[in-house]
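Observations on the three-dimensional arrangement
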Amino acid sequence: MAKCAFLGLGVMGGPMARHLAQKGHEVTVWNRKGEKAAAWVAKVGAGQAAATPSEAISGAEYIFLCLGDDPDVEAVFAAFAPALKAGQVVADHTTASAGLARRLGEAAAAKGAGFVDAPVSGGQAGAENGQLTVMCGGDEATFAKVEPVMRAYSKQITLIGEVGAGQLAKSVNQICIAGVVQGIAEGLHFARKNGLDEAKVIEAISAGAAQSWQMQNRWKTMVDGKFDFGFAVDWMRKDLRIALDAARKAGASLPLTSLVDQFYADVQAEGHGRWDTSSLISRLNR
């Protein structure tokens, strides 16, 4: 079993760290709000809480991060970087920019440490159930070391390419989701305006080419106007900002993604940034 540090105990990080502990790994946790780290230890009944990032990574073989955005990752990495030792592996599960991943990879390499950018998909439910999909960027040797440990909370782990490739793959994931959710929202809105029974329509089309995870899991709550399930609009807009920025730098055209990003901005403007991403239908129904 491995000695792990887990930094960031939000709705994703907390369950991920719990799965590590439950699989027998030795886990030291840290969170900006120290009381959350102490509560995690009390709830899980394993591991220990550290007062600082440097204290958390002391003696750890693997250092996992699950934070909010680029500035959060930069600040936490800078806090423990002086204590980073040769042979340690940093795996960043935050959805952040590929540029940041490359910079942190270089900084880790200068210390003789490994780095993998490893954003995840599957949402809070995936984290709670240990069924996340992980998209990784890094060298094969470092990935081979950390991949067996990440299995504690994952159902699919794929090395996409060099450092930064994991973050770019996560952008592909979010681009696809944005288009699918908007399509379902428009389809359900169209059905309602034409007096169709949405349940019967979904029964008919979900057995064909239109089927998707979003349709299967979100159509009913979308119809009912309930949007407290899963990934928040605020976080989706952060992810789409990263994707659109990477697209500009690469010369990629994302017209639909740009449009859906603005639709999400409309939802935020209504004061519903904490609603889940399926809330796109709300702006059509208004």
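Preceding this paragraph is the structure being described.
Here goes a summary of the coordinates provided. Here the structure is a predicted model, which is why all the values come from computation and not from measurement.

As a further point, take the state of the cysteines. Per the counting criterion, the structure on display carries zero disulfides. In this structure Cys136 is a free cysteine whose sulfur lies 13 Å from that of Cys66, the closest cysteine sulfur available. Owing to a relative accessible area of 0%, Cys136 belongs among the buried residues under this scheme. Considering cysteine sulfurs only, Cys136 is the nearest to Cys176, which forms no disulfide, with 18 Å between them.

Counted under the stated rule, the structure contains four aromatic pairs. Seen in terms of ring centroids, Phe64 and Tyr153 are 6.3 Å apart; in terms of plane orientation they differ by 85 degrees. Their pairing is edge-to-face. Here Phe64 is found in strand E4 (residues 62-65), whereas its partner Tyr153 is found in the loop between helix H7 (140-150) and strand E9 (154-161), with 89 residues between them in sequence. Where Phe227 meets Trp275, the ring centres are 4.8 Å apart and the plane angle is 45 degrees; that geometry is what we call tilted. Taken together, the residues Phe227 in the loop between helix H10 (213-224) and helix H11 (233-250) and Trp275 in the loop between helix H12 (255-269) and helix H13 (280-285) connect sequence positions 48 residues apart. For Trp275, a relative accessible area of 23% corresponds to the partly exposed category. Through a chain of ring-to-ring contacts, the aromatic side chains of Phe6, Phe64 and Tyr153 assemble into a single cluster. Taking the ring centre of Phe263 as reference, the NZ or CZ of Arg283 above it sits at 3.8 Å.

Before going further, it helps to examine the pairing of strand E1 (residues 3-7). For E1, a buried count of four out of five residues is recorded, marking the element as mostly surrounded by other parts of the structure. Pairing of E1 with strand E2 (residues 26-30) involves five bridges; the strand directions are parallel. By the bridge assignment for E2, Phe6 is matched with Val29. Read from E1 through helix H1 (residues 13-22) to E2, the crossover connection turns out right-handed. Strand direction decides the pairing type here: E1 and E4, joined by four bridges, are parallel. Considered in E4, the bridge of Ala5 is made with Ile63.

Procedures and definitions
- Residues numbered from 1 in each chain as written.
- Predicted model: local features only at pLDDT ≥ 70, side-chain atom pairs only at ≥ 80, totals over all residues.
- Heavy atoms only, no water.
- Disulfide = S-S within 2.5 Å.
- Buried < 20%, exposed > 50% of the residue type's maximum accessible area, 1.4 Å probe, protein only.
- Phe/Tyr/Trp six-rings, centres within 6.5 Å; stacked < 30°, edge-to-face > 60°.
- Helix = DSSP H or I, 4+ residues; strand = E, 2+ residues; numbered from the N terminus.
- Lys NZ or Arg CZ within 6 Å of the ring centre and 35° of its normal.
- Pairing = 2+ DSSP bridges.
- Right-handed = clockwise from strand over helix to strand, strands pointing away.

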